[in-house]
Amino acid sequence: MFTAVTGVSGSGKSSLVSQVLVELVAAQLGQALPAEDEEGDPLERAAPEATGGRLASGLAGIRRLVQVDQRPIGRTPRSNLATYTGLFDPVRQLFASTPEAKKRRYDAGRFSFNVAKGRCENCQGEGFVMVELLFLPSVYAPCPVCHGARYNEKTLEIKYQDKSIADVLGLTVDDAWAFFADDATVRRPLTVLRDVGLGYLRLGQPATELSGGEAQRVKLATELQRPARGHTLYVLDEPTTGLHPSDVERLLLQLNALVEAGNTVVVVEHEMRVIAAADWLIDIGPGAGDEGGKVVIAAPPSEVAGAPNSRIAPYLVRFLAG
Ligand SMILES: Nc1ncnc2c1ncn2[C@@H]1O[C@H](COP(=O)(O)OP(=O)(O)OP(=O)(O)O)[C@@H](O)[C@H]1O
Ligand SMILES: [Mg+2]
Ligand SMILES: [Zn+2]
């Protein structure tokens, strides 16, 4: 089901969903939680508090927990759209299977910019080098040896159709989709990325450069292209923050696709379109702080609209009418 958790700011939505639910489910599944942002002063980070409470039921249908947020993907520019979504593996296989690569005994690892044999050694496959300036902060400049290509000359001599591996990383998702028309394995993730409106991104775009909304859609697209396994609990806290109305529609399509595939989606949300589209609402409140923290009503949107004590009810009435 697609469940939305509503309530005024400070009513306890994030405490319930992003903290308690996530911690308890992760503990039950024996799944480690992704580390919180390690940057910043460790003393200023919230001390991990033991979460009270227990899961009463429902875990039988859940095998995996995924939190999808707008935090950047990866911390190094070595992670990019192609590596993160996994489509770089079959692409490297394609290069390794060309007659010239076979003749030279180049394997798929040769076409990774993280492996010494194929990459440019001057920049260690980064494509740029740090230039120390005397009185100014250091700057990054394109690598003078590979000119940003990230690979050594020998590797770049191998062409798949008419393109080198560096050329492929320079393609947009849309162009790559056309270029790899004959290869279903490479095309599947590209199709999903196009579906979520990211056809304009370059395959080699460093993951650290993606905007929050883009990062979130890349994460969802990566989930969507997995062979349908179902039984996954997806938790999202205010996923529409910063999204354009048309991107909200796209996000809704993705979330619904996950539910159709047999998964469970729980979102904390203030955006009425998402709230109205949910199968089930849990309204937390009624107020903020000490006046919050209670389940005001848990029901389908049409029913919540008629609840006398729910603060979201009048907005739902207006939204559902309009
Ligand atoms: N670690 C904490 N210790 C004490 N109080 C906390 C802690 N975390 C949250 N609170 C308080 O609990 C209440 C609920 O916070 P929570 O973050 O769950 O709200 P929310 O419903 O997600 O609000 P918003 O819509 O603004 O994100 C707030 O009054 C908040 O100040
Ligand atoms: Mg919150
Ligand atoms: Zn280089």
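Residues numbered from 1 in each chain as written. Chains lettered and ligands numbered in written order. Predicted model: local features only at pLDDT ≥ 70, side-chain atom pairs only at ≥ 80, totals over all residues.

(A) Layout of the overall build of the protein chain. For the protein chain, the count of helices and strands is 13 helices and eight strands. Across its three principal directions, the C-alpha atoms of the protein chain cover 75 × 50 × 40 Å. Within the span of the protein chain, comprising 322 residues, buried residues form 35% of the whole. Taking contacts inside the protein chain between residues at least 6 apart in sequence as the whole, the part at least 24 apart equals 65%. (Helix = DSSP H or I, 4+ residues; strand = E, 2+ residues; numbered from the N terminus. Buried ≥ 20, exposed ≤ 12 C-beta atoms within 10 Å, placed from the backbone. Contact = placed C-beta atoms within 7 Å.)

(B) Expanded view of the site of ligand 1. Neighbouring ligand 1 are the residues Gly7, Ser9, Gly10, Ser11, Gly12, Lys13, Ser14, Ser15, Ala288 and Gly289. In the shell around ligand 1, the residues fall into one nonpolar, eight polar and one charged. (Near = placed C-beta within 6 Å. Nonpolar A, V, L, I, M, F, W, Y, C, P; charged D, E, K, R; others polar.)

(C) View of the sheet that holds strand β6 (residues 264-268). Judged by pairing direction, the sheet is mixed, and its six strands sit side by side in the order β2-β5-β6-β1-β7-β8 without closing on themselves. Every interior strand has two partners, whereas the edge strands, β2 (64-67) and β8 (294-299), have only one. For this sheet the average axis-to-axis angle between neighbouring strands, irrespective of direction, equals 15 degrees. Where β2 and strand β5 (residues 232-237) come together, four bridges link them in parallel fashion. The partner of Val66 across the bridge, within β5, is Tyr234. (Pairing = 2+ DSSP bridges. Axes fitted to C-alpha atoms, helices over the stretch in contact; angles between N-to-C directions.)

(D) Expanded view of the domain arrangement of the protein chain. According to the domain assignment, the protein chain consists of domain 1 (2-73 + 211-321) and domain 2 (81-195). Computed from C-alpha atoms alone, the centre-to-centre distance between domain 1 and domain 2 is 36 Å. Tallied by class, residues from the side of domain 1 that touches domain 2 come to four nonpolar, two polar and no charged. (Domains from an automatic or database assignment.)

(E) Main features of the confidence of the model for the protein chain. When pLDDT is averaged along the protein chain, the result is 89; 94% of the residues meet or exceed 70. Contacts for the low-pLDDT stretch residues 37-47, under 50 throughout, to residues beyond four places or in other chains number two contacts. (pLDDT = per-residue confidence, 0-100.)

(F) Quick peek at helix α9 (residues 212-224). In a regular helix each residue adds 1.5 Å, so 13 residues correspond to 18 Å; α9 covers 18 Å between its end C-alpha atoms and thus fits that length. Taking burial as the measure, the 13 residues of α9 include eleven buried ones, the bulk of the element. Residues of α9 that are buried include every one of Gly213, Glu214, Ala215, Gln216, Arg217, Val218, Lys219, Leu220, Ala221, Thr222 and Leu224, and no others. Buried positions along α9 lie against α2 (81-85), α8 (184-195) and α10 (245-260). (Expected span 1.5 Å × (residues − 1).)

(G) A look at the nonpolar core. Core analysis: the largest hydrophobic core is formed by 72 residues, its most contacted members being Val5, Val91, Phe95 and Ala221. For this core, the element with the most residues is α9, which contributes five residues. A domain-level breakdown of this core finds at least three residues from each of domain 1 (2-73 + 211-321) and domain 2 (81-195). If near-sequence neighbours (up to four positions away) are discounted, Phe95 is found in contact with Ala101, Phe111, Ile158, Tyr160 and Ile165. (Core = buried A, V, L, I, M, F, W, Y, C linked by C-beta atoms within 7 Å.)

(H) Focus on the pairing of β6. Of all five residues making up β6, four are buried, and the element is well covered by its neighbours. With four bridges joining them, strand β1 (residues 2-6) and β6 adopt parallel strand pairing. Its bridge partner lying in β6, Thr3 is registered against Val266. Relative to β6, β5 runs parallel, the two being bridged by five bridges. Paired with Asp237 across the two strands is Val268, which belongs to β6.

(I) Highlighting helix α3 (residues 88-96). Of all the positions in α3, only Phe88, Val91, Arg92, Leu94 and Phe95 are classed as buried. For α3, the angular spread of the buried residues around the axis is 155 degrees, confining them to a single face. Buried residues along α3 sit against α2, α4 (99-103), α6 (165-169) and α8. (Arc of directions from axis to C-beta.)

(J) Local environment of unusual backbone geometry. Backbone torsion omega between Gly285 and Pro286 reads 0 degrees, so that peptide bond is classified as cis. Summarising the element assignment, Pro286 is placed in the loop between β7 (280-285) and β8. A positive phi is found at Gln124, a non-glycine position, where the angle reads about 55 degrees. With respect to the helices, strands and loops of the structure, Gln124 is situated in the loop between α4 and β3 (128-131). In this structure, His231 is a non-glycine residue whose phi angle is positive, near 60 degrees. Position of His231 relative to the elements: it lies in the loop between α9 and β5.

(K) Structural context of the environment of Phe128. Looking at the secondary structure, you find Phe128 in strand β3. Excluding residues within four positions of it along the chain, Phe128 makes contact with Cys123, Tyr140, Ala141, Pro142, Cys143 and Gly148.

(L) Just the environment of Leu201, in detail. Relative to the elements of secondary structure, Leu201 occurs in the loop between α8 and α9. On the basis of neighbour counts, which here come to 19 C-beta atoms within 10 Å, the residue Leu201 falls in the partly exposed class. As for Leu201 and Leu81, which are separated by 120 residues in sequence, their C-alpha atoms are 8.2 Å apart. In this structure, Leu201 is in contact with Leu81, Thr172 and Val173, ignoring residues within four places of it in sequence.

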